[in-house]
Amino acid sequence: MPQIIVDKNKCIGCGSCYAMYPELFAADADGKSKVISSDYQTHGYNKEEIIAVCPVSAISVKD
Ligand code: SF4
């Protein structure tokens, strides 16, 4: 199973990931991103596009 990781030290809470991929990310209490599902393939998402949505390179994906 793939694993999506958000580096909370890098995340600036811009909201792009949870706006674009609401099945995978949500806002935590601080407005930063938290991963709610790593199963991006089920939703037909592209790994490189998920990584690229973050302006500060806080998202990584391990397959
Ligand atoms: S796109 Fe990046 S900076 Fe923006 S909320 Fe998501 S992880 Fe944080």
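None of these values were measured; they are calculated from a predicted model.

(A) Main features of the pattern of salt bridges. A complete count under the given rule lists two salt bridges for this structure. Notably, a salt bridge pairs lysine 8 with aspartate 28, separated by 2.5 Å at the nearest N-O pair. In this pair, lysine 8 is assigned in the loop between β1 (3–6) and α1 (16–20) and aspartate 28 in the loop between β2 (25–27) and β3 (33–35), connecting sequence segments 20 residues apart. With relative accessibility at 18%, the residue aspartate 28 sits in the buried group. Between lysine 47 and aspartate 63 there is a salt bridge, with the nearest N and O atoms lying 3.0 Å from each other. With lysine 47 in helix α2 (residues 47–52) and aspartate 63 in the segment after β4 (59–62), this residue pair connects regions lying 16 residues apart in the sequence. Take aspartate 63: its relative accessible area is 59%, and that puts it in the exposed class.

(B) Structural view of the pairing of β4. Of the two faces of β4, only the one carrying Ile59 and Val61 is buried; Ser60 and Lys62 on the other face are not. With four bridges connecting them, β1 and β4 associate as antiparallel partners. Note that in β4 the partner of isoleucine 5 across the bridge is serine 60.

(C) Representation of unusual backbone geometry within the structure. Of note, serine 57 is a non-glycine position whose phi angle comes to about 55 degrees, a positive value. Residue position: serine 57 is located in the loop between α2 and β4.

(D) Broad picture of the site of the ligand. Taken together, Cys11, Ile12, Gly13, Cys14, Gly15, Ser16, Cys17, Ser33, Cys54, Pro55, Val56 and Ile59 are the residues near the ligand. Grouping the amino acids of the shell around the ligand by side-chain chemistry returns eight nonpolar, four polar and no charged.

(E) Representation of the nonpolar core within the structure. Counting residues in each nonpolar core, the largest one holds 14 residues, and the members touching the most others are Ile4, Tyr21, Leu24, Phe25, Tyr40, Ile50 and Ile59. Elements with a contribution of two residues or more to this core: β1 and β4. Leucine 24 has contacts with Ile4, Lys34, Val35, Ile36, Ser37, Asp39, Tyr40, His43, Tyr45 and Ile50, leaving out every residue within four places of it along the chain.

Rules used throughout
- Residues numbered from 1 in each chain as written.
- Predicted model: local features only at pLDDT ≥ 70, side-chain atom pairs only at ≥ 80, totals over all residues.
- Heavy atoms only, no water.
- Salt bridge = Lys/Arg side-chain N within 4 Å of Asp/Glu carboxyl O.
- Helix = DSSP H or I, 4+ residues; strand = E, 2+ residues; numbered from the N terminus.
- Buried < 20%, exposed > 50% of the residue type's maximum accessible area, 1.4 Å probe, protein only.
- Pairing = 2+ DSSP bridges.
- Near = heavy atom within 4 Å.
- Nonpolar A, V, L, I, M, F, W, Y, C, P; charged D, E, K, R; others polar.
- Core = buried A, V, L, I, M, F, W, Y, C linked by side-chain atoms within 4.5 Å.
- Contact = heavy atoms within 4.5 Å.

Scope: geometric values only; no functional claims are made or implied.
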